[in-house]
Amino acid sequence: MNAGPWLSVPPPGYGGIENVIATLVPELRRLGVRVVLASVGSSTLPVDEQVSVFADGQFAALQRPYNQVCGIAQAHLAGVVRELHSRDDIDLVHDHVEAVGLATLAAMGPAGPPTLHTLHWDLAKHPALYGSLDGGDRVRVNGVSASQLARAPLALREHSVGHVHLSTPLAVDADRRPRPEKGEHLLILGRINPGKGQDVGARLAHRVGLPLVLAGPVGPYHRPADLAAAGDEARQNPDVRFFLDEVAPHVDGDLVRWVGTVAGQERDDLLASARASLFPLRWEEPGGTAVVESLALGTPVVATARGCLPELIEHGRTGLLTTDEEELGDLLLAAELLDPDECRRVAAQRFTPAVMAQRYVELYERVRQSARAP
Ligand code: UDP
């Protein structure tokens with residue numbers, strides 16, 4: 001399992017990919033899969049063996065110039081390739097290192113083990129990141145939704161073995177967890193970013209007169225006080241400009257509030273007590289972790305029908321979808337008709353870590369079979 005050089009597994013705070021790995025690995029081991037983790041030394045996830053080039057996560061280095069960022073990824077991967085050359089007990093590599101990981105492992109050719117690379121982003125606009133995949137049938141990719149795969153560059157789609165929806169530990173026994181008191185508020189949980197559409201949500205909340213909580217970081221700023229203290233320099237970040245220019249004018253601290261990044265129990269309580277969670281998307285959401293988390297905690301989803309949303313949400317059962325931004329306002333008012341328990345039941349069937357691991361074991365077998373094929 002190649003987690004990369006950026007963050008420890010599980011991650012200390014933010015870290016979507018590392019969270020997926022931390023959720024998947026214990027379930028794989030329960031199914032009898034032996035897992036060697038290529039990560040950073042500070043990872044604490046129980047595994048059978050760990051391989052590390054860096055003692056600690058290099059996340060802060062992502063702010064450096066692009067060639068230095070690639071250099072760090074390459075150094076990590078050189079360690080992984082060295083390891084693979086030196087042993088013959090690795091049956092398959094499950095790689096999560098964006099773009100450069102798959103290219104490097106593919107370049108090993110027949111000397112490398114079969115490789116499954118999980119796509120984590122919407123890559124439609126970045127075909128050049130992957131280029132052509134040498135390594136033929138030994139390297140395969142999977143998406144985190146059918147929609148993400150459908151939009152991926154042809155070079156990747158040709159190597160696809162399917163998709164696996166994301167899961168959340170919150171979905172385990174979700175239908176048996178105590179029902180939280182539902183409040184009046186709507187919630188948008190996620191990075192503040194034009195693609196996530198917080199400006200649309202804030203405007204709609206005023207129109208329909210429902211309180212809205214915006215939770216998530218603005219660029220590198222996790223707390224309103226940090227952003228306020230940062231001064232004009234903060235505007236260099238595009239997400240900060242988006243927030244200040246498009247969202248903040250609607251944030252009155254009363255009906256619409258920005259609370260910064262929330263984590264742990266605070267995050268779960270905010271999500272579980274929301275009347276609905278809102279995703280007024282302007283991008284093709286590739287995997288939608290926060291969507292799955294919302295269902296697991298019994299909160300129906302109101303969203304623009306983009307990206308993976310139509311795959312995750314059953315309209316009229318676990319949420320309400322529309323292609324019309326303005327109609328979202330009406331749907332917000334209708335969301336209280338949906339049954340929170342039904343959301344939790346669906347999550348407990350479809351989005352548990354065990355379901356995700358089972359599906360990955362199937363894909364691993366497919367990857368190994370196609371690597372064996374003449
Ligand atoms: N998240 C969080 N606190 C916040 C905002 C987001 O813990 O204030 C988490 C959220 O619960 C989810 C992840 O960050 O687990 C975001 O993943 P998602 O796939 O929804 O969006 P991405 O940022 O990957 O596009």
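The residue numbers shown here count from 1 along each chain, following its written sequence. Whole-chain, interface and lining totals are the exception, using all residues; otherwise, since this is a predicted model, local features are given only for residues with pLDDT of at least 70 and side-chain atom pairs are given and counted only at 80 or more. Derived side-chain values reflect all non-hydrogen atoms in the structure, with water molecules and hydrogen atoms excluded from consideration.

1. Focus on the pattern of salt bridges
Any carboxyl oxygen of Asp or Glu within 4 Å of a side-chain nitrogen of Lys or Arg constitutes a salt bridge here. Counted according to the given criterion, the structure contains 27 salt bridges. Residue aspartate 199 pairs with arginine 282 through a salt bridge whose shortest N-O separation is 2.6 Å. Of this pair, aspartate 199 sits in helix 6 (residues 198-208) while arginine 282 sits in the loop between strand 10 (276-279) and helix 10 (289-296); the two residues are 83 residues apart in sequence, bridging distant segments of the chain. Burial here depends on accessible area, computed with a 1.4 Å probe over protein chains only, as a share of the maximum for the residue type. Under 20% is buried, over 50% is exposed, and the range in between is partly exposed. Note on aspartate 199: relative accessible area 12%, which makes it buried. Where salt bridges share partners, they join Arg34, Glu49, Glu83, Arg87 and Asp89 into one cluster. Only DSSP runs of H or I reaching four residues or more are called helices, and only runs of E reaching two or more are called strands; each is numbered from the N terminus.

2. A word on the domain arrangement of the chain
As a measure of interface size, the accessible area lost when the parts come together is often cited. Along its sequence, the chain is carved into domain 1 (16-167 + 352-372) and domain 2 (170-350). Using only C-alpha atoms to locate each centre, domain 1 and domain 2 end up separated by 29 Å. Contacts are residue-level and defined by heavy atoms, with any inter-residue pair within 4.5 Å sufficient. Domain 1 puts 16 residues into the contact, and the matching count from domain 2 is 18 residues. Buried area: the sum, over both parts, of the accessible surface (1.4 Å probe) that disappears when the two are put together. Between domain 1 and domain 2 lies a buried interface of about 1,200 Å² when both sides are counted; carbon and sulfur atoms form 62% of it. Between the two partners, domain 1 and domain 2, sit zero salt bridges. When contributions to the side of domain 1 that touches domain 2 are tallied by element, the ones reaching two or more residues are helix 4 (146-151) and helix 14 (353-372). For the domain bounds, the source is a domain assignment made automatically or taken from a database.

3. A short note on a nonpolar patch on the surface
Within this analysis, patches are made of residues with over 30% relative accessible area and no salt bridge. Like charges are joined at 9 Å or less; nonpolar side chains (Val, Leu, Ile, Met, Phe, Trp, Tyr) at 5 Å or less. All accessible-area figures derive from a Shrake-Rupley calculation using a 1.4 Å probe, and residue coverage is judged against the displayed protein chains alone. Taken together, Tyr14, Phe59, Leu62 and Trp121 make up a surface patch of nonpolar side chains, about 380 Å² in accessible area. Take leucine 62: it is sitting in the loop between strand 2 (49-52) and helix 2 (66-86). Accessibility expressed as a relative area gives 34% for leucine 62, which makes it partly exposed.

4. Observations concerning the sheet that holds strand 9 (residues 256-260)
Spatially, 9-8-7-10-11-12 is the arrangement adopted by the six strands of the open sheet, whose pairing is parallel. Of all the strands in the sheet, the pair left with one neighbour each is strand 9 and strand 12 (319-322). Shown here is a sheet whose adjacent strand axes are inclined to one another by a mean of 20 degrees, direction ignored. As paired elements, strand 11 (residues 301-304) and strand 12 share four bridges and run parallel to each other. Bridge pairing in strand 12 links valine 302 to leucine 320. Its contacts with the sheet put helix 6 on strand 7 (186-189), strand 8 (212-215), strand 9 and strand 10, and the angle it makes with strand 8 is roughly 165 degrees. Paired strands, as defined in this entry, are two strands with at least two bridges between them according to DSSP. Axis lines are fitted to C-alpha atoms, over the contacting stretch for helices. Their N-to-C directions set the angle, which ranges from 0 to 180 degrees.

5. Topic: the packing of helix 1 (residues 16-30) against helix 14
For the pair helix 1 and helix 14, interaxial distance at closest approach is 9 Å and the crossing angle is 75 degrees. With respect to their mutual orientation, helix 1 and helix 14 come out roughly perpendicular. Of the residues in helix 14, those touching helix 1 at Val20, Thr23, Leu24, Glu27 and Leu28 are Pro353, Ala354, Met356, Ala357, Tyr360, Val361 and Tyr364. When residues are grouped by polarity, Ala, Val, Leu, Ile, Met, Phe, Trp, Tyr, Cys and Pro land in nonpolar, Asp, Glu, Lys and Arg in charged, and all others, Gly among them, in polar. When the residues that make up the contact of helix 1 with helix 14 are grouped by side-chain class, the tally is ten nonpolar, one polar and one charged. For classification purposes, an angle smaller than 35 degrees is called roughly parallel, one larger than 145 roughly antiparallel, one from 65 to 115 roughly perpendicular, and anything else oblique.

6. Observations concerning the environment of glutamine 63
Among the structural elements, glutamine 63 can be located in the loop between strand 2 and helix 2. In this structure glutamine 63 comes out as exposed when scored by relative accessible area, which is 70%. Linking glutamine 63 and glutamate 83, residues 20 residues apart in sequence, is a C-alpha distance of 28 Å.

7. Looking at the site of the ligand
Put simply, a residue is near a molecule or strand once any heavy atom of it comes within 4 Å of that molecule or strand. Taken together, 15 residues lie near the ligand, and Arg191, Val262, Arg267, Thr289 and Glu293 sit nearest. Whenever two N or O atoms come within 3.5 Å, that pair is a polar contact, provided that in protein one can donate a hydrogen and the other can accept it, and provided that, for residues adjacent in sequence, both atoms are side-chain atoms. One of the side-chain nitrogen or oxygen atoms of glutamate 293 is found 2.6 Å away from an oxygen atom of the ligand. At three residues, the largest contribution of residues to the shell around the ligand is made by helix 10. Each residue belonging to the shell around the ligand can be placed in one class, and the counts come to five nonpolar, five polar and five charged.

8. A short note on helix 12 (residues 327-334)
Since the α-helix turns once every 3.6 residues, residues separated by three or four places project in the same direction. Taken residue by residue, helix 12 has Leu328, Gly329, Leu331 and Leu332 as its buried positions. Angularly, the buried residues of helix 12 cover 165 degrees about the axis, an arc narrow enough to put them on a single face. Considering only its buried residues, helix 12 is in contact with strand 7, helix 6, strand 10, strand 11 and strand 12. What the arc covers is the set of directions going from the helix axis to the C-beta atoms.

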